[in-house]
Every structure is written in C-alpha cells, then in structure tokens.
Amino acid sequence: MLMRFFYRGFLWLLVSVALPGAEKEGRVMTLKITILSTMLADGDELGEWGFAALVEADGRRILFDTGEHTEVVLKNARSLGLDLSTVTDVVLSHAHSDHVGGFLTLRRSVVAKAPMGLARTHVGEGMFYPRTSGVPRVEGNPMIAIKGAYEETGGVFVVYAKPVQLFRGVWLTGPVPRKYPERNGGGRGRVTTPAGVVEDNVPEDMALVIDTEQGLVVLTGCGHAGVVNTIDYARTVIRPERVHALIGGLHLFAAKAETLAWTAEKLRGFGVEHLIGAHCTGIETVFRLRADLRLDREHAVVGAVGAKFELGRGIDARKIAK
Ligand SMILES: [Zn+2]
Ligand SMILES: [Zn+2]
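My aim in this report is to walk through the structure given alongside it, one point at a time. Counting restarts for each chain: residues are numbered from 1 in the order of the written sequence. Chain letters start at A and ligand numbers start at 1, both assigned in the order the entries are written. Totals for whole chains, interfaces and linings use every residue, but because this is a predicted model, local features are given only for residues with pLDDT of at least 70 and side-chain atom pairs only at 80 or more, for both listing and counting. Side-chain measures here rest on the full set of heavy atoms in the structure, leaving out hydrogens and waters.

**Considering the overall build of the protein chain**
Comment: elements are numbered from the N terminus, with helices defined as DSSP H or I runs of at least four residues and strands as E runs of at least two. Helix and strand counts for the protein chain come out as eight helices and 17 strands. We compute the radius of gyration over the C-alpha atoms and compare it with the globule rule, which gives 2.2 Å times the number of residues raised to the power 0.38. The C-alpha atoms of the protein chain give 18 Å as radius of gyration, which agrees with the globular expectation for 322 residues (20 Å, within 12%). Dimensions of the protein chain along its principal axes, counting C-alpha atoms only, are 60 × 45 × 40 Å. Burial status follows relative accessibility: with a 1.4 Å probe on protein chains alone, a residue under 20% of its type maximum counts as buried, one over 50% as exposed, and anything between as partly exposed. A buried classification covers 55% of the 322 residues belonging to the protein chain. For the protein chain, long-range pairs separated by at least 24 residues make up 74% of all intrachain contacts whose partners lie at least 6 apart in sequence. Any two residues whose heavy atoms approach within 4.5 Å are treated as being in contact.

Set out below in structure tokens:
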C-alpha cells in the first residue's frame, strides 16, 4: 500500500515536472517507427482491423495505439522481438475500440516486471466523453470503463486540450481544429461534451508528429480529424516544413474519387515524401495517392504488421507490401 503511494507520487511528479514544455524545442536525430497492428500481416504476426505502432525517437520509446483485439499487439510485439516493458509512455489517438482494445492487456502484461512500463498515457480532450452506442443505455465509449481499470494498475492519464511537445522534437497535436470539411468517420453517433450533445466527430482525435532535419514525420491513428487538417495544424504549431513521412490510418477507404483527388493535391502541396497507408487508409487509396503524389513503390506502400520507417533508411515494407 505504502509502495503504491510512493509509486503514484513518483508518477505524478514525472507528469508534472518532466512533461510538456520542460525541454527545449529541437529535432529528433534517430527515429524508427514499427507497425504492430493493422490489417495486413505476412509472417508469424497477426493482422486485424486496428492500429498500433512503436515509435523509437532518440532513445525514447512510445507506444502509439494498441490494436483492437486484447492479445494481438502483445503477440505481434513478441513475434517481432520488441520488448514493451521498457516503454513508459503510451499515446491513444482516440477512443475507438480498434485503437484501445489491447491497452489494458498490454499494461497488465508488464506491470509486475516493470511498474513504469506503459504507465503514462497521453490522450486528447474528449477521450472520456460519453457516446451513444446504437443500443439504448449502453455506453459507446470503451475508455470510460478502461480508465478506472488502468488507474487501478497505477497508470496515469494526461489529457491535452492543446498541442504539446512530449519530448525534444516529439509532438502531440492535441485535438485538431477542423479547418477543412473532411468527414472521415464518426458518422451517426452522438457525443456528450461540456457544451451539450453533438454529432460525434471524434473531437479527441490527435496525431503524433516528429520534427526531424528531413521534415515532419506524421503518425495518425484513424485520421478522423482529416489528414489535411492534421498536417495543416501540425505545420502551424511546429513549423511549416515538408512532410518527410506520413504513416498510419487515414480513414479514406470509402472516399469518393473527388475527395481522394483533393486530398492528394493537398498532400502534394505538403511535400509528402514517404507514405505507409495502414489500417483504414484503404488499399485503393494508397495506390491512388502513390500515383497522384508521384511516389514509387519504395516510397508509398500499404502498411503491414512489422513494416518499418527509419530516418535515413526509408521504408521496409515487409514481403507482402513490397
Ligand atoms: Zn476510429
Ligand atoms: Zn481505426
């Protein structure tokens, strides 16, 4: 009990002292991003409708999203030889089950061996807002139940209403202003905000952005805020630099031709140099964007479990996506 008290105190100290704004602005020099959950898999790993990735930036390791099924990211990380017990920080891009499904299993898998493992989780404001589920009186936001269970293990949530630099050169956008009318997901659901009940456009949706000498590296979960809104905002908040790599789910799998054409034109304007279109980006969308962005098959691929992007080395797509 006493240990737990001290441990909690230490975590809060970590949250309040070591975080936001404590380090100077700067660029990340070494960066590797490995996909841990997406639909496509070609080895011993499992595919699923979900997303997760491990970010390794200048020695800092961050788990971004946790997949849909409770065990998939755990199994895939083991299969890929990645030890998540030494990862202290988690980012959950938004509250949908295909991004938060493995979260508790992962924390519980490391807590005995490493109490600080996956112990601090960064989320956008709105993460815990109640949602409709389509079934009367059934809560549609899984994070409401997950919150208590995670805190029970000693985990701490940090909620952001604004952009923040987590570590030197590693940024979270926080909730993204919807400047352009991109309507990527959300749909019929309703969300209860402090201002009342409104259409659920996934207000908490945020991206991780890494600032490098080569440009910005943008990692999205589902891209519900819109990939153009997200990059536009990141370039306003961090610096108006080209996008060296865009990785993650863009939620464009069902987008109409004119939406894709508009998106591609904007992405070309942002100077996107590498694309790993994973999860809900859509297969056809990746190939369309590859053509419109004038990229080749080394620089634009469908994301697979185990696929990597490494600064200075580019994309390792895995067999199936080469
Ligand atoms: Zn989603
Ligand atoms: Zn998703």
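**Side note on the packing of helix α4 (residues 103–110) against helix α5 (residues 143–152)**
Angles run from 0 to 180 degrees between N-to-C directions of axes, and those axes are lines fitted to C-alpha atoms, restricted for helices to the stretch in contact. Relative orientation of the contacting elements α4 and α5 amounts to 5 degrees, with a least axis distance of 10 Å. Taken together, the axis directions place α4 and α5 in an arrangement best described as roughly parallel. Contacts between α4 and α5 involve Phe 103, Leu 104, Arg 107 and Arg 108 on the former and, on the latter, Ile 146, Ala 149 and Tyr 150. Comment on the angle field: the value is read as roughly parallel under 35 degrees, roughly antiparallel over 145, roughly perpendicular from 65 to 115, and oblique elsewhere.

**Structural notes on the coordination of the zinc ion (ligand 2)**
Note on metal geometry: ideal angles are 109.5 degrees for four donors arranged tetrahedrally and 90 or 180 degrees for six donors arranged octahedrally. Coordination of the zinc ion (ligand 2) by the protein involves Asp 98 (OD), His 99 (NE2), Cys 222 (SG) and His 279 (NE2), with metal-donor separations of 2.1 to 2.2 Å. Look at where the donors of the zinc ion (ligand 2) fall in the sequence and you get D-H-x122-C-x56-H. Only nitrogen, oxygen and sulfur atoms count as donors, using a 2.8 Å cut-off from the metal that widens to 3.2 Å for Na, K and Ca. Water is left out, so coordination shells may look unfilled. Here the zinc ion (ligand 2) and the zinc ion (ligand 1) are spaced 3.6 Å apart, linked through Cys 222, which binds each one. You can see Asp 98 sitting in helix α3 (residues 97–100) and its partner His 279 sitting in the loop between β14 (275–278) and α8 (283–292), a full 181 residues away along the chain. The same class applies to Asp 98 and to His 279, which are both buried.

**A closer look at the packing of helix α6 (residues 227–237) against helix α7 (residues 257–269)**
Between α6 and α7, whose axes approach to 10 Å, the crossing angle comes to 20 degrees. Accordingly, the angle class assigned to the pair α6 and α7 is roughly parallel. Where α6 crosses over α7, the two elements pack in a sense that is left-handed. Residues Val 227, Val 228 and Ile 231 of α6 form the contact with α7, whose own contacting residues are Trp 262, Thr 263, Lys 266 and Leu 267. Handedness of a crossing is defined here by the sense of rotation of the near helix relative to the far one, left-handed for an anticlockwise turn of less than a right angle and right-handed for a clockwise turn.

**Topic: the sheet that holds β14**
The criterion for strand pairing is that DSSP finds at least two bridges linking the strands in question. Reading across the sheet, the seven strands line up as β7-β8-β11-β12-β13-β14-β15 and stay open at both edges, with mixed pairing between neighbours. Looking at which strands have only one partner, the edges of the open sheet turn out to be β7 (164–167) and β15 (300–302). Adjacent strand axes in the sheet meet at a mean angle of 20 degrees when their direction is disregarded. Strand direction decides the pairing type here: strand β13 (residues 243–249) and β14, joined by four bridges, are parallel. Note that in β14 the partner of Gly 249 across the bridge is Ala 278.

**Digging into the packing of aromatic side chains**
For Phe, Tyr and Trp, rings pair up if their centres lie within 6.5 Å, where Trp contributes its six-membered ring, and each pair is then called stacked (planes under 30 degrees apart), edge-to-face (over 60) or tilted (otherwise). Counting across every chain of the model gives seven aromatic pairs. When the ring of Phe 103 is compared with that of Phe 157, the centres are 6.0 Å apart and the planes differ by 45 degrees; the resulting orientation is tilted. Taken together, the positions of Phe 103 in helix α4 and Phe 157 in strand β6 (residues 156–160) put the pair 54 residues apart, joining distant regions of the chain. Of the two residues, Phe 103 and Phe 157, neither departs from the other in class, the shared state being buried.

**Focus: the pairing of strand β11 (residues 208–212)**
Of all five residues in β11, five are buried; the element is thus mostly enclosed. Neither face of β11 is left uncovered, since the one carrying Leu 208, Ile 210 and Thr 212 and the one carrying Val 209 and Asp 211 both have all their residues buried. In this sheet, β11 lies alongside strand β8 (residues 170–172) in antiparallel orientation, the contact comprising three bridges. Pairing of Val 170 across the sheet is with Ile 210, part of β11. Between β11 and strand β12 (residues 215–220), which pair antiparallel one after the other, the connecting turn spans two residues.

**Some points on the pairing of strand β1 (residues 31–37)**
Counting buried positions along β1 yields six of seven residues, so the element is predominantly enclosed. As defined by bridge partners, β1 adjoins strand β2 (residues 52–57) across six bridges and the pair is classed as antiparallel. Following the sheet pairing, Leu 31 is matched in β2 by Ala 57. Sheet topology note: the β1/strand β16 (residues 308–310) ladder contains three bridges and is antiparallel. Each bridged residue has a counterpart across the sheet, and for Thr 34 the counterpart in β16 is Lys 308.

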